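Survey of secondary and tertiary structure
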Amino acid sequence: MKLRQLVPWPSVEIDADTLDGRETLSGLYAAPQRRWLRINLVASVNGQAAGADGTSESLTNRVDRRILGILRRLADIVLVGAASVRTEGYFLPKSAPLAIVTRSGDLSGHRIPRDVPAGKVIVLCPSASAATVRATLGIENAAIIELETASGRASVNLAEATHSLRALGHEGIVCEGGPNLASQLLNAGLVDELCLSTSPQVSATDTRVLPGLAANLPLRLEHLLSDSEGYLFARWAVLS
């Protein structure tokens, strides 16, 4: 898997199939501090988060999955929304625990083994949804963290959710979506960087990669990579 670093200049070639190449990629994506929250998403050229099959699977490729694996290894925990668990049929990451944010508690459709060790799956939800989580997740060792907003409504305060994860020692967080969760984290001012892979296709689906943003956010391009299939891999710092 050959990549070319386009930014910063001068251009450098990276072979992701070699140990040196994987170490170079790990260095490129290393967070500048332990407490760090990054979003990692893939999108079509026209900004859709799903391809022909209605999931991100038809947008991704081997290089994108390699970068995904590196970002997971660099993180303390992987954060996803319940919609991604239901739509994508989420597997348990090999290198980091999985945290799931859900408002309704419906986690049907997941592909997480029932016998996972304690600490590998954490669910953050309103107290009113905890029973639904237990019924649809079916994992005895999953930790369920019940959260409430000040008004007591069945919704998730993401600042409280990330604080709860960090209280457990998970300082470095990578959020893999879905689009709504990613946008909500950006709106809450909790995101340090955005890693966006661009698939060389236009998608006829109507699943915007970042819907419902509340305001414009300035970014700084940290690096830009490309591969032989025309994919682009950008790392953007979110500026305060």
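Below is a short write-up of the structure. On a predicted model such as this, the values are computed, not experimentally measured, just so you know.

**Describing empty space enclosed by the protein**
- Going through the model one piece at a time under the given rule, you end up with 1 cavity of 30 Å³ or more.
- As a volume, the largest cavity reaches approximately 40 Å³.
- What lines the largest cavity is Tyr29, Asn40, Ile67, Cys195, Leu196, Ser197, Phe233 and Ala234.
- Listing elements by their share of the lining of the largest cavity, those giving two or more residues are strand 9 (193-199) and strand 11 (232-238).
- Residue contributions to the lining of the largest cavity peak at 3 residues, all from strand 9.

**So, the sheet that holds strand 9**
- Across the sheet, 11 strands lie side by side as 2-1-10-11-9-3-8-4-5-6-7; this open sheet has mixed pairing. Whereas interior strands pair on both sides, the edge strands pair on one side only; in this sheet they are strand 2 (12-15) and strand 7 (143-147). Between one strand axis and the next, the sheet turns by 25 degrees as a mean value, whatever way the strands run.
- Seen against the sheet, helix 1 (residues 19-28) touches strand 1 (2-7), strand 2, strand 10 (219-227) and strand 11 and runs at an angle of roughly 115 degrees to strand 2.
- With respect to the sheet, helix 4 (residues 130-137) is in contact with strand 6 (121-126) and strand 7, its orientation differing from that of strand 6 by roughly 145 degrees.

**Some thoughts on the layout of surface pockets**
- Approximately 1,400 Å³ is the volume found for the largest pocket.
- Along the walls of the largest pocket sit 49 residues, with Ser84, Glu88, Tyr90, Glu176 and Gly177 positioned nearest its centre.
- Breaking the lining of the largest pocket down by element, the ones donating at least two residues are strand 3 (36-44), helix 2 (62-74), helix 3 (82-88) and helix 6 (179-187).
- Per-class residue counts for the lining of the largest pocket are 17 nonpolar, 20 polar and 12 charged.
- Taken as a whole, the second largest pocket encloses approximately 170 Å³ of empty space.
- Broken down by secondary-structure element, the contributors of at least two residues to the lining of the second largest pocket are strand 10 and strand 11.
- In terms of residue class, the lining of the second largest pocket is made up of 7 nonpolar, 1 polar and 5 charged.

Criteria and thresholds
Residues numbered from 1 in each chain as written. Predicted model: local features only at pLDDT ≥ 70, side-chain atom pairs only at ≥ 80, totals over all residues. Heavy atoms only, no water. 1 Å grid on protein atoms, 1.4 Å probe; cavity = no way out; pocket = protein on both sides within 12 Å on 5 of 7 lines; lining within 4 Å. Points joined across faces, edges and corners; volume = space filled by probe spheres on them. Helix = DSSP H or I, 4+ residues; strand = E, 2+ residues; numbered from the N terminus. Pairing = 2+ DSSP bridges. Axes fitted to C-alpha atoms, helices over the stretch in contact; angles between N-to-C directions. Contact = heavy atoms within 4.5 Å. Nonpolar A, V, L, I, M, F, W, Y, C, P; charged D, E, K, R; others polar.

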